[in-house]
Amino acid sequence: MARLTILTAPDPRLKLVAQPVVAVDDAVRRLMEDMVETMYAARGIGLAATQVGVAQRVVVMDLSDMPEAPKQPLKMANPEILWHSDQDSSYQEGCLSVPGVFENVTRPDACKVRYLDEQNEVRELNATGLLATCIQHEIDHLNGTLFVDHLSNLKRNMIIKKLEKAKRLGQAAPVAF
Ligand code: NI
């Protein structure tokens, strides 16, 4: 396995719309494993291929973030939202590509997702709460959308300016997830 470099905003590659994978083959499985390793190393709970500069519809997640809990990575190719609840919930989101920024984002509280697992089998998953939030956040990445794109223009521009300045000064912003 190999650790990959996580792109941070503003990087034009984060705006690309990723392409579906044709099938989950050895190359896609290797990408999934590398992404899981990269996500754990960065102490994240989710990572989309877009964030490591690969424009393919692949995401990984692991919400078992307690040190004593067994690792349970979810690996998905071509994830698609089949249904989402009318009821919304608001969660304070962060993103490995937008380091040091945490803002409340409102999204559907529950969703049903269809995807290909690492054996190339079609699966469906009903998600609520933080898992539903995380899945929607990762699918957004595959469509070139960052969580800060859900905020007002004013707030987003302030955040982008702050990140540009941090990059210019070579500051490593703190990362949580
Ligand atoms: Ni993110």
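Look a little higher up for the structure.
Keep in mind the model is a prediction, meaning the values are calculated, not measured.

Caption draft 1: Focus on the overall build of the protein. Tallying secondary structure elements over the protein gives three helices and seven strands in all. Sequence-ordered secondary structure for the protein, helices as α and strands as β, is α-β-β-β-β-β-β-β-α-α. When its C-alpha atoms are laid out on the principal axes, the protein stretches across 45 × 40 × 35 Å. Taken over 177 residues, the protein has a buried fraction of 44%. Of all intrachain contacts in the protein linking residues separated by at least 6 positions in sequence, the fraction that spans at least 24 positions is 66%. Counting 20 positive and 23 negative side-chain charges, the protein places the centres of these two groups 8 Å from one another.

Caption draft 2: Looking closely at the coordination of the nickel ion. Coordination of the nickel ion by the protein comes from Cys95 (SG), His137 (NE2) and His141 (NE2), over a distance range of 2.1 to 2.3 Å. Counting along the primary sequence, the residues that act as donors to the nickel ion give the motif C-x41-H-x3-H. Of this pair, histidine 137 and histidine 141 both sit in helix α2 (residues 129-142), four residues apart, which is roughly one turn of the helix. Neither histidine 137 nor histidine 141 differs from the other in exposure class; each is buried.

Caption draft 3: Region of the structure containing α2. In this model α2 runs 21 Å from its N-terminal to its C-terminal C-alpha over 14 residues, within 8% of the 20 Å that 1.5 Å per residue would give. Burial analysis of α2 places 11 of its 14 residues in the buried class, which makes it a mostly covered element.

Caption draft 4: Just the pairing of strand β3 (residues 74-84), in detail. Where strand β2 (residues 58-61) meets β3, four bridges bridge the pair, whose relative direction is antiparallel. Residue pairing in the sheet places valine 60 in a bridge with lysine 75 of β3. Note that β3 and strand β6 (residues 110-116) share five bridges and pair antiparallel. Paired with tryptophan 83 across the two strands is lysine 112, which belongs to β6.

Caption draft 5: Seen up close, helix α1 (residues 26-41). Look at α1: 23 Å from first C-alpha to last across 16 residues, which is about the 22 Å you get at 1.5 Å a residue. All of the buried residues in α1 are Val28, Leu31, Met32, Asp34, Met35, Val36, Glu37, Thr38 and Met39. Against the buried residues of α1 lie β1 (46-48), β2 and β3.

Caption draft 6: Main features of the pairing of strand β5 (residues 98-108). The pairing of strand β4 (residues 88-95) with β5 spans seven bridges and is antiparallel. If you follow cysteine 95 over to β5, its bridge partner there is valine 98. Following β4, the chain reverses through two residues before pairing antiparallel with β5.

Caption draft 7: Main features of the nonpolar core. Counting 17 residues, the largest nonpolar core has Val24, Met32, Met35, Leu47, Val58, Val60 and Ala77 as the members making the most contacts within it. If you list the elements that add at least two residues to this core, you get α1 and β2. It is α1 that provides the largest number of residues to this core, a total of six residues. The residues touching valine 58, leaving out its near neighbours within four places in the chain, are Val21, Val28, Leu31, Met32, Met35, Leu47, Ala48, Ala49, Met76, Ala77 and Leu142.

The rules behind these values
Residues numbered from 1 in each chain as written. Predicted model: local features only at pLDDT ≥ 70, side-chain atom pairs only at ≥ 80, totals over all residues. Heavy atoms only, no water. Helix = DSSP H or I, 4+ residues; strand = E, 2+ residues; numbered from the N terminus. Buried < 20%, exposed > 50% of the residue type's maximum accessible area, 1.4 Å probe, protein only. Contact = heavy atoms within 4.5 Å. Lys, Arg positive; Asp, Glu negative; His and termini not counted. Charge placed at Lys NZ, Arg CZ, Asp CG, Glu CD. Donors = N, O, S within 2.8 Å, 3.2 Å for Na, K, Ca; no water. Expected span 1.5 Å × (residues − 1). Pairing = 2+ DSSP bridges. Core = buried A, V, L, I, M, F, W, Y, C linked by side-chain atoms within 4.5 Å.

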